[in-house]
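Descriptive analysis of the structure
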There are 2 protein chains.
Amino acid sequence: MRMPTTPNHLDQTLLALADPTRRAILQRLSAGETRVTELAQPFAMSLNAVSKHIRVLERAKLVHRRREGREHLLSFTPKPMDDVARWMDAQRANWSARLQALDDLLQEEDRAAASAPADKKGRTR
Amino acid sequence: MRMPTTPNHLDQTLLALADPTRRAILQRLSAGETRVTELAQPFAMSLNAVSKHIRVLERAKLVHRRREGREHLLSFTPKPMDDVARWMDAQRANWSARLQALDDLLQEEDRAAASAPADKKGRTR
DNA sequence: GCATCGTTCAACCTCTGGGTTGAATATCAA
DNA sequence: TTGATATTCAACCCAGAGGTTGAACGATGC
């Protein structure tokens, strides 16, 4: 039925980043403000296609557009990437916490086994 | 013409992460190995849909599957996320390096202006 | 005014993503 | 064997992504 679930910030940021053209654009922009045409120049695709990519990046708030006469100057905005970084850090913290807990548990068992050496079914490790 | 450009690792990882269901799956998995059905249980969608999400995560090598009888046990694999983190760090380093350079330049100009106070056209800031 | 430049809008195409349902496959339990 | 359980495969639907081309539109420069 395809509910109209509004995609959240992480969705849009990650989606925007999941394309090599758009990552290249960001890379270029992190070196400084750039016009649309200039930005499109190195790519083997129409200007229109690049324009669309830029809109995706804007939607994700990864780039900001400043109009100056007929030129549109794009610049990189790092904040959404910070949010992604935070999510990933939390995720990895979770993960390593669990590994640590597992490790603690194993050491606990080892100690228990050592103090009761009659136990036959030893864990292989 | 739709060239068959094979998507690289970053593409697949970021694409896999750009969906709330899949992020939730990873979150669950970072707490430990889980069966497919158990994993699907909290979601308001068919088991099949979740199965597809899992395949996307596998393609991105974010989860690993271990068969045990008829059960498939999924576990989280953090490496691809490390790669993403590295890319983002590089990106942000780039960005702040440029800001720093800009800042240095401005201070340089300020010093020049101070040592030649006759200059009329002062930068407004 | 008029041509040109920088950019987007609109329409279209094809491929993929996320979802469905129904059937197939493999394992377990009796 | 037979039936239940865990999971995928296959076919389909619809919306959206990524690309194209052609036209429109607002600044700029004679």
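Up top is the structure.
Attention here is on the structure that accompanies the text. All figures in this text were calculated on a predicted structure; none of them were measured in a lab.

1. With respect to the pattern of salt bridges
Scanning all chains against the criterion turns up 20 salt bridges over all chains. Linking Glu-68 of chain A and Arg-66 of chain A is a salt bridge whose minimum nitrogen-to-oxygen distance equals 2.8 Å. Among the salt bridges present, the one from Arg-66 of chain B reaches Glu-33 of chain B, with a minimum N-O distance of 2.7 Å. With Arg-66 of chain B in strand β2 (residues 63–68) and Glu-33 of chain B in the loop between α2 (20–29) and β1 (34–35), this residue pair connects regions lying 33 residues apart in the sequence. Salt bridges linked by common partners bring Arg-28, Arg-35 and Glu-38 of chain A together as one network.

2. Quick look at the sheet that holds strand β2 (residues 63–68) of chain A
Residue and element names in this part refer to chain A. With antiparallel pairing, the 3 strands of this open sheet are ordered in space as β1-β3-β2. Each of the sheet's edge strands pairs with one partner strand only, and the pair in question is β1 (34–35) and β2. Of the strand pairs in this sheet, β2 and strand β3 (residues 71–76) are connected by 6 bridges, and their pairing is antiparallel. Residue pairing across strands places Glu-68 opposite Glu-71, the latter belonging to β3. Packed onto the sheet, helix α2 (residues 20–29) meets β1, β2 and β3 and runs at close to 90 degrees relative to β3. The strands that helix α4 (residues 47–59) touches are β2 and β3; relative to β2, the one it contacts most, it runs at about 115 degrees.

3. With respect to the protein's contact with DNA strand C
Taken together, 23 residues surround DNA strand C, and among them Thr-37 and Arg-65 of chain A together with Asn-48, Lys-52 and His-53 of chain B come closest. The share of sugar and phosphate among atoms of DNA strand C within 4 Å of the protein is 62%. For DNA strand C, a base oxygen lies 2.8 Å from a polar atom in the side chain of Arg-70 of chain A. Counting residues per element, the ones that place at least two in the surface near DNA strand C are α3 (36–40), α4 and β3 of chain A together with α4 (47–59) of chain B. If one sorts the elements of the surface near DNA strand C by residue count, α4 of chain B sits on top with 5 residues. Here the residues of the surface near DNA strand C sort into 4 nonpolar, 8 polar and 11 charged.

Cut-offs used in this document
Residues numbered from 1 in each chain as written. Chains lettered and ligands numbered in written order. Predicted model: local features only at pLDDT ≥ 70, side-chain atom pairs only at ≥ 80, totals over all residues. Heavy atoms only, no water. Salt bridge = Lys/Arg side-chain N within 4 Å of Asp/Glu carboxyl O. Helix = DSSP H or I, 4+ residues; strand = E, 2+ residues; numbered from the N terminus. Pairing = 2+ DSSP bridges. Contact = heavy atoms within 4.5 Å. Axes fitted to C-alpha atoms, helices over the stretch in contact; angles between N-to-C directions. Near = heavy atom within 4 Å. Polar contact = N/O pair within 3.5 Å; in protein donor to acceptor, adjacent residues only side chain to side chain. Nonpolar A, V, L, I, M, F, W, Y, C, P; charged D, E, K, R; others polar.

It is worth stressing that arrangement in space is one thing and function is another; only the former is reported here.
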